[in-house]
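# Inside the fold
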Amino acid sequence: MTPNPAIILENASVKYRSPEESYWSFKEFAINLVRNKVKMKDFWALKKVSLVVEEGETFGIIGRNGAGKSTLLKLVARVLAPTEGRVVTFGNVSPMLELGAGFHAELTGRENIFLNGTLLGHPVREIKQHLPEILDFAQINGYIDAPVRTYSSGMVARLGFAVATSWVPEILILDEILAVGDEEFRAKCYHRIAEFQRNGTTTLIVSHDMNTIMKQCRRAVWLEHGTVQSEGPAVDVINAYHNSSNNN
Amino acid sequence: MENTGIRRTRIVYDSSHRGPLALEEFRGVIRYRELIGQLIKRDIISRYKRSVLGVAWTMLNPLGTMLILTLVFSNLFHSVAGYPIYILSGLIGWNFFAQTSSAALNQNVWGGSLLHRIYVPRTAFTLSSLGTGIVNFLLSLVPLVLIMLIIQYPLKVSFLFVPIALLILAIFSLGLGLLFSTIAIYFPDIVEMYGVALTAWMYITPIIYPEAIITGPLKLFLFTLNPMYYFIRLIRLPIYDGIVPPFSTIGIALAISLVTFIVGWCVFTRKANDLTYRT
């Protein structure tokens, strides 16, 4: 059986732009706009990136800060549309928020489950069905009806992860999230991710931790200044990345 | 785990095959309608939790302003019968407009940063602040009716027209907010400028003074060319004057709000991508 693609990037490029100088008055801005003199500074965060990630695969993305890793994830998560090229995804994408990013401090844990669940696009009816399971995983116990501002960072992380992974996604995005939490919680997260993978979820992992990539991913890509430096089996890509760091 | 089986939805997203952005956004809003409901609920709950009087402040706030304005101006404008009702009916309309349009403009609200991380229809946060504004408006009708009963001001059936007037104004506020927040992408100072402009705008609109004191050519600028003049009339006529607004007023107001909304929505959805492109 030939595997189906889950994510396809075809020469995808993303250009960020901002005015070169800030105009201190609207009049000046308008005059320059009419004269077509507003200079924009262009910055290509991704340049002609082509990738195919297969269904059920766990795929790693490595590179230095500012290499375009997050931009690539944004393309897959539909947050950005490519300036040029094409992005196709098959199936629902569950982005992993920086844990706690979608929480409101004044609301209780329970209220936040509903807020967070709807942010991820789930209907309230389904969230109600998933509630016991979310509570069980998060282990907030007696504090679930207390405001989230009283939670420890570990509790916030657990609750965030529990909501985000209560639905089995077809494409899962993990952006450095497993760096927080204690050992036990991390083990639980990996267990759940492994469960997803057995069920056929395609996973994209961004991490600076090469052990994570090595352990989790079969294939990986190394990005540098928005372009693909190397793509292939995770071991080879990591070796190439290490060699280049050593030479610098 | 409860349901281990993966649901193959086969939702295909292809960045090169997208419909018109204005329509895409509309579909997104329908799909995320429950999120908008949750956001409104959150706004109201967190407001209620923060202060002792909670929701009561929503009602007390315009009441306090009305009281001050009545004390200050009732001597000046004593020709106006039922001056407290005159002010209050204009003020709740104005407050709704000022709050919702500046909330739409101010992308710095809670959740704004989420737009950089996950896909959510970009207008979802704006729409939720509009929803909160509508709830606040309806709450502020409670003290208004109470005052009317206390000072024995006639409460007419025309009052039932107020929700329709509110809806027309809400569409205008949304359109204007979206239009300005698109401009704010390129020129952030407009957020500050808008705050100042709002104050000026409030004074040229007959909210605290009677329409009759403006005469001559000034009338053209302050009333005829001022969209808010029509919207405030739309709310004030059924409350203060006790009549359903004439068709001409409804027609003009509806036309202004629909045109503003369509322009604002299309411009915003076309340019909203630039919002995330800016780092």
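None of the values given here were measured: they were computed from a predicted structure.

## A look at the overall build of chain A
Scanning chain A from N- to C-terminus turns up eight helices and nine strands. Taking the intrachain contacts of chain A between residues at least 6 apart in sequence as the baseline, contacts between residues at least 24 apart amount to 72%.

## Some thoughts on the overall build of chain B
Counting secondary structure elements, chain B contains ten helices and one strand. Each helix and strand of chain B, ordered N terminal to C terminal, gives the series β-α-α-α-α-α-α-α-α-α-α. Projected onto its principal axes, the C-alpha coordinates of chain B cover approximately 70 × 45 × 35 Å. Partitioning the contacts of chain B with sequence separation of at least 6, the portion at a separation of at least 24 is 79%.

## Observations regarding the sheet that holds strand β8 (residues 219-224) of chain A
Strand pairing within a sheet occurs via backbone hydrogen bonds; the two strands may be parallel or antiparallel. All names here are of chain A. If you trace the six strands from one edge of the open sheet to the other, you get β5-β6-β7-β3-β8-β9, paired in mixed fashion. In this open sheet, the two strands that pair with only one neighbour each are β5 (93-95) and β9 (227-233). If you compare each strand with its neighbour and ignore which way they point, the axes differ by 15 degrees on average. Sheet topology note: the β8/β9 ladder contains six bridges and is antiparallel. Paired with L223 across the strands is V228, a residue of β9.

## Regarding unusual backbone geometry
What is expected of a backbone is that most residues other than glycine have negative phi and most peptide bonds are trans. Residue and element names in this part refer to chain A. Of note, the phi angle at N11 is positive, near 45 degrees, even though the residue is not glycine. With respect to the secondary-structure elements, N11 resides in strand β1 (residues 5-19). With 13 C-beta atoms packed within 10 Å, N11 lands in the partly exposed category. Despite not being glycine, H225 has its phi angle at roughly 50 degrees, a positive value. Looking at where H225 falls in the secondary structure, it is placed in the loop between β8 and β9. Of the residues examined, H225 has 14 C-beta atoms within 10 Å and is grouped as partly exposed.

## A look at the environment of V55 of chain B
All names here are of chain B. Note that V55 resides in the loop between α2 (33-50) and α3 (56-73). Sequence spacing of V55 and L139 is 84 residues, and the spatial spacing of their C-alpha atoms is 8.5 Å. Discounting chain neighbours no more than four positions away, the residues touching V55 are Y48 and L139.

## Digging into the environment of A157 of chain A
All names here are of chain A. Here A157 shows up in helix α5 (residues 153-164). Here A157 falls in the buried class, since 24 other C-beta atoms lie within 10 Å of it. Taking C-alpha positions, A157 is 26 Å from G56, a pair spaced 101 residues apart along the chain.

## What to know about the nonpolar core
Residue and element names in this part refer to chain A. Among the nonpolar cores identified, the biggest contains 75 residues, and I61, V76, L204 and A220 are the most heavily contacted of them. Of all the elements, α5 adds the most residues to this core, at eight residues. If near-sequence neighbours (up to four positions away) are discounted, V76 is found in contact with I7, V87, T89, V93, I173 and L204.

## Observations regarding helix α4 (residues 124-138) of chain A
Residue and element names in this part refer to chain A. The largest bend in α4 amounts to roughly 50 degrees and is located at H130, with the proline P132 lying one to four residues further along. For α4, the full list of buried residues reads I127, I134, F137 and A138. Of the surrounding secondary structure, the elements contacted by the buried residues of α4 are α3 (109-119) and α5.

## Some thoughts on the confidence of the model for chain B
All names here are of chain B. In the predicted model, chain B carries a mean pLDDT of 84, and the fraction of residues at 70 or more is 90%. Within chain B, the element-level pLDDT minimum falls on strand β1 (residues 12-14), averaging 79, and the maximum on helix α9 (residues 227-241), averaging 95. Scoring the predicted complex yields pTM 0.84 and, for the interface, ipTM 0.79.

What counts and what doesn't
Residues numbered from 1 in each chain as written. Chains lettered and ligands numbered in written order. Predicted model: local features only at pLDDT ≥ 70, side-chain atom pairs only at ≥ 80, totals over all residues. Helix = DSSP H or I, 4+ residues; strand = E, 2+ residues; numbered from the N terminus. Contact = placed C-beta atoms within 7 Å. Pairing = 2+ DSSP bridges. Axes fitted to C-alpha atoms, helices over the stretch in contact; angles between N-to-C directions. Buried ≥ 20, exposed ≤ 12 C-beta atoms within 10 Å, placed from the backbone. Core = buried A, V, L, I, M, F, W, Y, C linked by C-beta atoms within 7 Å. Bend = angle between axes of the 7 residues up to and from the residue. pLDDT = per-residue confidence, 0-100.

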